[in-house]
Amino acid sequence: MKDFFIKYSNFPKYLIDKYGFIFGLETIARELIPLKGLFSLEKFERYLSQVLPINDFKKLYEQRGIELSIIACELNNPRKAIFGIHDTENKLNHKDFYQDYYSNKATISKAVQASCCVPILFKPTIINGKEYIDGETKKCLSTHVAVEQKADLVIVSHVFTPFIENGTLGSISNKGLANIGHQAFQIMMYQKIQNAYYYKQLRDKFYNFLSSQKFKEKYGFSDEVLTNLKSDFSEICKYNPALDYIYIPSPFALNYLEYYNILPQMTSEIMNIGYFTANEILPLYGLKKLPEYKEKGILESKNLKKFKYVKSRYEKYKEAVRMRFPKLLTQLED
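Counting restarts for each chain, with residues numbered from 1 along the sequence as it is written. Under the rules for a predicted model, residues below a pLDDT of 70 receive no local features and side-chain atom pairs below 80 are neither given nor counted, while totals for whole chains, interfaces and linings still include all residues. Only hydrogens and water are set aside; all other atoms, that is, all heavy atoms of the structure, feed into the side-chain values.

## Here we look at the packing of aromatic side chains
Note the following rule: In this scheme Phe, Tyr and Trp rings, the latter by its six-membered ring, pair at centre separations within 6.5 Å, and the angle between planes marks the pair as stacked below 30 degrees, edge-to-face above 60, and tilted otherwise. Helix numbering and strand numbering both begin at the N terminus, where a helix is a DSSP run of H or I of at least 4 residues and a strand a DSSP run of E of at least 2.
Enumeration over the complete set of coordinates arrives at 13 aromatic pairs. Judged by centre distance (6.3 Å) and plane angle (15 degrees), the rings of Tyr 197 and Tyr 247 are stacked. Taken together, the residues span a long stretch of sequence, with Tyr 197 in helix H8 (residues 177–210) and Tyr 247 in strand E7 (residues 244–248) at a distance of 50 residues. With a centroid separation of 4.9 Å and 50 degrees between ring planes, the pair formed by Phe 215 and Tyr 219 is classed as tilted. Here Phe 215 and its partner Tyr 219 are both found in helix H9 (residues 213–219), 4 residues apart, which amounts to about one turn of the helix. Members of the aromatic cluster, connected to one another through ring pairs, are Phe 206, Tyr 207, Phe 233 and Tyr 239.

## Focus: the sheet that holds strand E2 (residues 80–83)
To keep things clear, this is the line we draw: Whether two strands pair comes down to DSSP finding at least two bridges between them. Whenever a helix is involved, its axis is fitted only over the stretch in contact; in every case the axis is a line through C-alpha atoms, and angles between N-to-C directions fall within 0 to 180 degrees. Two residues form a contact once any of their heavy atoms are found within 4.5 Å.
In space, the 5 strands of this open sheet follow the order E3-E2-E1-E5-E4, with mixed pairing throughout. The open sheet has two free edges, formed respectively by strand E3 (101–103) and strand E4 (125–127), since each of these has just one partner strand. Geometrically, the sheet is characterised by an average inter-axis angle of 45 degrees between neighbouring strands, direction not taken into account. In terms of strand pairing, E2 meets E3 through 3 bridges, oriented parallel. By the bridge assignment, Ile 82 is partnered in E3 with Tyr 102. The strands touched by helix H6 (residues 108–115) within the sheet are strand E1 (70–74), E2, E4 and strand E5 (130–134), with E1 carrying the most contacts at an inclination of about 55 degrees.

## Re unusual backbone geometry
The phi angle at Ile 120 is positive, at roughly 75 degrees, despite the residue not being glycine. Take Ile 120: it is sitting in the loop between H6 and E4.

## What about helix H10 (residues 223–236)?
Stated formally: Under the convention used throughout, the expected extent of a helix is 1.5 Å for every residue step, that is, one less than its residue count. Here the term buried applies to any residue with accessible area under 20% of the maximum for its type, exposed to any over 50%, and partly exposed to those in between, with areas from a 1.4 Å probe on protein chains only. This arc is built from the directions going out from the helix axis to the C-beta atoms.
Between its first and last C-alpha, H10 extends 20 Å over 14 residues, near the 20 Å set by a 1.5 Å rise per residue. Looking only at H10, the buried set comprises Leu 226, Phe 233 and Ser 234. Take H10 and look down its axis: the buried residues cluster within an arc of 100 degrees, on one side only. For H10, exposure combined with an orientation more than 90 degrees from the buried face picks out Glu 224, Glu 235 and Ile 236. As for H10, its buried residues are in contact with H8 and H9.

## Thoughts on the packing of helix H4 (residues 42–51) against H6
Put simply, the test is: Throughout this description, any angle smaller than 35 degrees is read as roughly parallel, any larger than 145 degrees as roughly antiparallel, any in the 65 to 115 degree range as roughly perpendicular, and the remainder as oblique. In this scheme, a crossing is called left-handed if the near helix is turned counterclockwise away from the far one by less than a right angle; it is called right-handed if the turn is clockwise. Amino acid classes used here: Ala, Val, Leu, Ile, Met, Phe, Trp, Tyr, Cys and Pro are nonpolar; Asp, Glu, Lys and Arg are charged; the rest, including Gly, are polar.
Between H4 and H6, the shortest axis-to-axis distance is 8 Å and the interhelical angle comes to 150 degrees. Put simply, H4 runs roughly antiparallel to H6. In this structure, H4 meets H6 at a crossing whose hand is right-handed. Here Glu 42, Phe 44, Glu 45, Leu 48 and Ser 49 of H4 lie close against H6, whose contacting residues are Ser 109, Lys 110, Val 112 and Gln 113. Taken together, the residues that form the contact of H4 with H6 break down as 3 nonpolar, 3 polar and 3 charged.

## Examining the pattern of salt bridges
In a structure, side chains of opposite charge can pair up when their charged atoms sit close to one another. This is how it is decided: Only one rule defines a salt bridge in this text: a Lys or Arg side-chain nitrogen within 4 Å of an Asp or Glu carboxyl oxygen.
According to the stated counting rule, one finds 8 salt bridges in the structure shown. Salt-bridge contacts for Glu 89 lead to Lys 105; the nearest nitrogen and oxygen are separated by 3.6 Å. Linking Glu 89 in the loop between E2 and E3 with Lys 105 in the loop between E3 and H6, this pair joins segments that are 16 residues apart in sequence. Here Lys 105 falls in the partly exposed class, since its relative accessible area comes to 38%.

Dropping the structure here:
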């Protein structure tokens, strides 16, 4: 039977010798398609290394006072690496396979390359002998890094907005396999963000309850005990009551763009949507409005000619933001 199967099928003989007849699509893909990724980001990293005025985390901090952190995830261990000026890699407990760490062993351009390595799409980035992929593989947004660095304001922005059927476009399954996979990925990532937001709300509510007169009267604790309770809660839960968050959800327009496409025209579209989304939301929290585009866009002014200013497009983006966030805008303006 085995010889008959080998003779009249297209499967390589070594697969049958290795696995017998007990193998499926996963084994076939693993054995016959040993690619690390469909594309490489090495040229992208080289481009960044050439155009960045400062390509060193420490120099950026010393010369500009900017403490930048870029997140990636180890491929062969479920650990997150936070690239920047700090280093805790030598303190890793190698029996704790999930322990995240800080690392200063990468240039900014190399850390960006690692952080952009969406699994399957791009090959992992090798830094100091380790392979890295997109940091959001393990945890979305990584706002805890800003919290650990004593930030007093965290601006949260992301592109994970699932498609929502509106009665006119029909089922997303009609658009094929790639769109079904994309929607599943969006739902998964968006829910991870929502879970983090939910637990933040719980911490807010509990801290406010500890601070309330109702709690004091119910349990009869002294002011000193209450102060210690709040202090212990903040330390254990890594909660900072003075920390403010601004949340900028992504417009539905991004569902219709290829935001893993790094061609200049598509990148320009995505950046401009993000620019105008932020420009509508941030001033509602008391922040200064970003300068409006006039004759040139941000990238075009840097002599990147493919990023052209088209006034009608920017007006369209503004209107899209207004339509996407009517409730949020109304609430904040009130």
